[in-house]
Amino acid sequence: METLATSPATAAVAAPLGKDEKKALLEKLLQQKLQQSVQYAPMSKGQESLWFVHQNDPHSAAYNVASAIHIYSAVDINSFTRALNQCVQRHAALRTSYAINDGKNTQVINAGAPLALIRRDVSAFTDTEVQQIITADYQQPFDLTQLPVMRTHWYDLANGEAVFMLVVHHIAFDAWSLWILMEELSEIYQALNSNRVPQLPAQAPTYREYTQQQAQWLVSEKGESAKEYWLKKLAGDIHPLTLNISKPRPRIQTFNGASHYFQLAPELAQAINALAKSCGVTANSLLLTAFYTLLYRHSGQEDICIASPTAGRTSGEFALTLGYFVNPVILRTQLAANNLFIDVLEQVNTSLLEALEYQEFPFSSLIEALNPKRDPSYTPLSQVSFVFQKPQQNDGLNS
């Protein structure tokens, strides 16, 4: 008969253990403790939208957020991996999976799991082949019901150089989050290499707290006021923007597309800023008005809606919280052939300022309230976006 004193578990603890055995036992006990520390929270409104899209097309990489950095100097891979894992422990959004729990869309916040740095030697490949490999890795879909929702890749190039790529599903991340993470990763890595304590900001509130605050705001007086504004602003029929495109529009959106990059001459950029200042508006409003004018001339439509994403962090409380905060607002403007540009500029600027005042109202809640006619070949309310943002740079990893 097995007793407590003679059970295998008791004997393993009582018997002298070697260094490796102690380490393995401690890791096992820690993993068991972590598995028991799972927390549950409702998804935010934005997350619910992305979860719905993912459920309909789980093999799509359309909502993968990625950043690839060219590394020119030597990097201690062990320290870099440790720094990555410290970031994961620091930010709950990076260790959250998603599920339907009791019929509700749910964040499953895990205590933690080791994040592997996927390393590959591509020094024998051409630049084109390396680009193809990186693109293929970026396009791998996520299973949002499982961790990780973030992948990290390291590609060893020739001459001691490398490329580091981070890929996260948008449900857990936005561009602002990327900037926060890269800054903290750089600081933690440099601190590990210098044998010092990393100089990091105080721990920010969790995304779970933001979700709770959003739910409370939606039923508050401010939430109801924002809802009334948007229902009035977007009342009536909103027709899809029809442009003279060279190919037929697919019956279902494919997210296929291309990018065209160009730069404005410094003299033109200075002239734009000067004109905006003389008109009492920002360069954002001025360029947005020019975009409206362009769309009007190519479509002939007088009622045009443009989507413009906002950072969604109206409260400084969540300025350093990782998560999906971005929220598009719909800017609606009426144009006519006899309009003066300055008149359209005034209308656009007013519309933009109002939209920013009521930007907290979630786009998904707006769609629910308006219930527009849906067409799988179009996004609802607007088919074009205008983004004006300041570029971010981080030199901590010698990128």
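Now for a description of the structure that goes with this document. (Residues numbered from 1 in each chain as written. Predicted model: local features only at pLDDT ≥ 70, side-chain atom pairs only at ≥ 80, totals over all residues. Heavy atoms only, no water.)

**Observations concerning the environment of Arg120**
On the secondary structure map, Arg120 appears in strand β5 (residues 117–121). On the basis of relative accessible area, Arg120 is assigned to the partly exposed category, the value being 38%. A sequence separation of 35 residues divides Arg120 from Tyr155, and the C-alpha atoms of the two residues are 5.0 Å apart. The contacts of Arg120, once residues within four sequence positions are left out, are Phe125, Ile133, Trp154, Tyr155 and Asp156. (Helix = DSSP H or I, 4+ residues; strand = E, 2+ residues; numbered from the N terminus. Buried < 20%, exposed > 50% of the residue type's maximum accessible area, 1.4 Å probe, protein only. Contact = heavy atoms within 4.5 Å.)

**Let's talk about unusual backbone geometry**
Leaving glycine aside, a negative phi is the common case for residues, and trans is the common case for peptide bonds. Put simply, Leu147 and Pro148 share a cis peptide bond, and its omega is 0°. Mapping Pro148 onto the fold places it in the loop between α5 (127–138) and β6 (150–156). Even without being glycine, Asn195 reaches a positive phi, approximately 55°. Here Asn195 shows up in the loop between α6 (175–194) and α7 (207–218).

**Topic: the sheet that holds strand β2 (residues 64–71)**
Within the open sheet, the four strands sit side by side as β2-β7-β6-β5. Their pairing is mixed. Of all the strands in the sheet, the pair left with one neighbour each is β2 and β5. Neighbour to neighbour, the strand axes of the sheet diverge by 15° on average, direction disregarded. Bridge analysis of β2 against strand β7 (residues 162–169) gives eight bridges, and the strand direction is antiparallel. Residue His70 lies in a different strand from β7, and its bridge partner there is Val163. Running at roughly 150° to β5, helix α4 (residues 77–90) makes contact with β5, β6 and β7 of the sheet. (Pairing = 2+ DSSP bridges. Axes fitted to C-alpha atoms, helices over the stretch in contact; angles between N-to-C directions.)

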